[in-house]
Amino acid sequence: MSSLIQSTTQTTLSGIGNLIKLLPTGTVFLFQFLNPLLTNNGQCDPINKYLSSILIAACGISCCFASFTDSYVGSDDGVTHYGIVTSSGLWPASSSQDLSSYGLRVGDFVHAFCAVLVFAIVVLLDPNSVQCYYPSFDSTQKALMMALPPVVGVVTGAIFAVFPNNRHGIGYPLDLILTPSSASA
């Protein structure tokens, strides 16, 4: 019984950890910083809507793109190398190492979709975005928007338990980056 509880706890904490590292914090910070400026604090003119839409699209693309990056420590030089995940490994690839274990997986697409979904929830909960795009939001719709984040959090947490994220993209501390021999998990 104790090992079952420990296993369940470990799976839950692993899923929560994957959820925390789902969104690139720099992207969310950039959105939170620029959105009030671009939406004119929710009092949008058409140009504000266009500029805010460009920001939302760029940040969404950034969240998606981050799911397809990875890094490794070179065995010959000890330097951290970053790359974009492809079907055959990392690009640009080091000529001295076999990086085929870093190839594209189904879980990468699942994580990219979930990252964009969670970022969309962040956008939908931002008061400036709501005021700009949906100024006549009534109380029943607000209740739906308050219930949506926990539901999406539970669903994405469950998805991350099924598809754990083994990628170590741009921005991870050096001590958390795996060597290529241990990345095949």
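Residues numbered from 1 in each chain as written. Predicted model: local features only at pLDDT ≥ 70, side-chain atom pairs only at ≥ 80, totals over all residues. Heavy atoms only, no water.

1. Overview of the UniProt feature "transmembrane region" (unreviewed entry) in the protein
Using the following cut-off: UniProt positions are given in the numbering used here, feature names are shortened, and annotations may be inferred rather than shown by experiment. Only DSSP runs of H or I covering at least 4 residues are called helices, and only runs of E covering at least 2 are called strands; the numbering of each starts at the N terminus.
Listed under "transmembrane region" (unreviewed entry) in the UniProt record, and renumbered for this structure, are residues 20–38, 50–68, 109–125 and 146–163. In residues 109–125, the share of helix is 100% and the share of strand is 0%. The end C-alpha atoms are 24 Å apart. In residues 146–163, the share of helix is 94% and the share of strand is 0%. The end C-alpha atoms are 27 Å apart.

2. Quick notes on the pairing of strand 1 (residues 69–73)
As a reminder of what qualifies: Note on exposure labels: buried denotes an accessible area under 20% of the residue type's maximum, exposed denotes more than 50%, and partly exposed covers the range between, all computed with a 1.4 Å probe on protein chains only. Strand pairing is defined by DSSP finding a minimum of two bridges between the two strands.
Here strand 1 lies mainly inside the structure; five of its five residues are buried. Burial along strand 1 is two-sided: the face carrying Thr69, Ser71 and Val73 and the face carrying Asp70 and Tyr72 are both buried. With five bridges connecting them, strand 1 and strand 2 (residues 80–86) associate as antiparallel partners. For Thr69, the partnering residue across the bridge sits in strand 2 and is Ile84.

3. Things to note about helix 2 (residues 25–38)
So the rule is basically this: In this scheme, a helix's expected span is set at 1.5 Å multiplied by one less than its residue total. Contacts between residues were defined by any pair of non-hydrogen atoms, one from each residue, lying within 4.5 Å.
Compared with the 20 Å implied by 1.5 Å per residue over 14 residues, the 20 Å span of helix 2 between its first and last C-alpha is a close match. Listed in full, the buried residues belonging to helix 2 are Thr27, Val28, Phe31 and Asn35. Buried-residue contacts for helix 2 involve helix 3 (46–66), helix 4 (106–125) and helix 5 (127–133).

4. Topic: the nonpolar core
For clarity, the threshold we go by: Nonpolar cores were defined as sets of buried Ala, Val, Leu, Ile, Met, Phe, Trp, Tyr and Cys residues, with membership established by side-chain atoms within 4.5 Å.
Residues Phe31, Leu55, Cys59, Cys63, Ala115, Phe119 and Val123 constitute the largest nonpolar core, which totals seven residues. The set of elements that each furnish at least two residues to this core consists of helix 3 and helix 4. Not counting residues up to four positions away in its chain, the partners in contact with Phe31 are Pro36, Leu55, Ile56, Cys59, Phe119, Val122, Val123, Asp126 and Ser129. Core analysis: the second largest hydrophobic core is formed by five residues, Tyr72, Val85, Leu90 and Tyr102 among them.

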